[in-house]
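This is what each chain is made of:
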Amino acid sequence: MMHRRLLSALAVAAAFAPAVAMAHPGMPGHTHGFTDGFAHPFGGLDHLAAMTGVGLWAGQQAKGGQAKGGQAKGGQGSRAVWLWPLAFLALLVAGAIAGANGLALPGVEWGIVLSVAALGWLTAFGARLPLAAGAALIAAFALCHGAAHGVEMPADADGLAYGLGFVTASATLHLAGVALSRLAERAGLALVPRLAGLGLAAMAPLLLAV
């Protein structure tokens, strides 16, 4: 049931992709389409790390138990598994629209590096935030990634197909991260996503050099 809700939520986010096509000016040849958009997140270590990190951290939230103060966190954690990736995808599209229209967001590159570092440390420590706070943090990071995607979109891209491609790839990376966290938890290997988080955190400074 949880996985069906996640897939449904990601499908809703994908519906935002046509807005990228409407916002992106000048698409004369339509030579870059779905495949190029899908490949784009996999071609950048920063995007690849952050999108996987969102899934890793969101997947950790579904772990059973009690939150501080004795408040049950099971329901909230289950919602975070699909709501946090959805928040990322929605703001990813918003940022892409801004970037495609030439709207420069300050500190985008620093925001991207910070997102990888923060998601890495949050996953490494298994941090738990309130549902809304986690979604807001992830959304802020997604806006930076989306703005970078929008700027990098080829001038001759078919905005609809390209946008659907990178939204689909992003959702795939989120799902991979969630799956790794959940499978590791069920196998009694909760240390695995934490180590992956440490790897992301260690990678962040290297992104400044590329």
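Chemist: Would you explain a nonpolar patch on the surface in this entry?
Modeler: A contiguous nonpolar patch, built from Trp121, Phe125, Leu191, Leu195 and Leu198 and spanning about 550 Å² of accessible area, is present on the exposed surface. The topology assignment puts phenylalanine 125 in the loop between helix 6 (108-124) and helix 7 (131-152).

Chemist: Is there a simple way to explain the packing of helix 4 (residues 45-60) against helix 6 in this structure?
Modeler: Relative placement of two packed helices is described by the angle separating their axes and the distance separating the axes. Between helix 4 and helix 6, whose axes approach to 9 Å, the crossing angle comes to 30°. It follows that helix 4 is roughly parallel to helix 6 by the angle criterion. Once helix 4 is placed against helix 6, the crossing between them reads as left-handed. Residues Asp46, His47, Ala49, Ala50, Gly53, Val54, Leu56, Trp57 and Gln60 of helix 4 form the contact with helix 6, whose own contacting residues are Ile112, Ser115, Val116, Leu119, Leu122 and Thr123. When grouped by side-chain class, the residues that make up the contact of helix 4 with helix 6 number nine nonpolar, five polar and one charged.

Chemist: Would you mind going over the side chain of serine 115 with me for this structure?
Modeler: Relative to the assigned elements, serine 115 resides in helix 6. For serine 115, a relative accessible area of 0% translates into the label buried. If near-sequence neighbours (up to four positions away) are discounted, serine 115 is found in contact with Ala50, Phe141 and His145.

Calculation notes
Residues numbered from 1 in each chain as written. Predicted model: local features only at pLDDT ≥ 70, side-chain atom pairs only at ≥ 80, totals over all residues. Heavy atoms only, no water. Patch = residues over 30% accessible without salt bridge, like charges linked within 9 Å, V, L, I, M, F, W, Y side chains within 5 Å. Areas by Shrake-Rupley, 256 points an atom, 1.4 Å probe, with all protein chains shown as cover. Salt bridge = Lys/Arg side-chain N within 4 Å of Asp/Glu carboxyl O. Helix = DSSP H or I, 4+ residues; strand = E, 2+ residues; numbered from the N terminus. Axes fitted to C-alpha atoms, helices over the stretch in contact; angles between N-to-C directions. Parallel < 35°, antiparallel > 145°, perpendicular 65-115°, else oblique. Left-handed = near helix turned anticlockwise from the far one by under 90°. Contact = heavy atoms within 4.5 Å. Nonpolar A, V, L, I, M, F, W, Y, C, P; charged D, E, K, R; others polar. Buried < 20%, exposed > 50% of the residue type's maximum accessible area, 1.4 Å probe, protein only.

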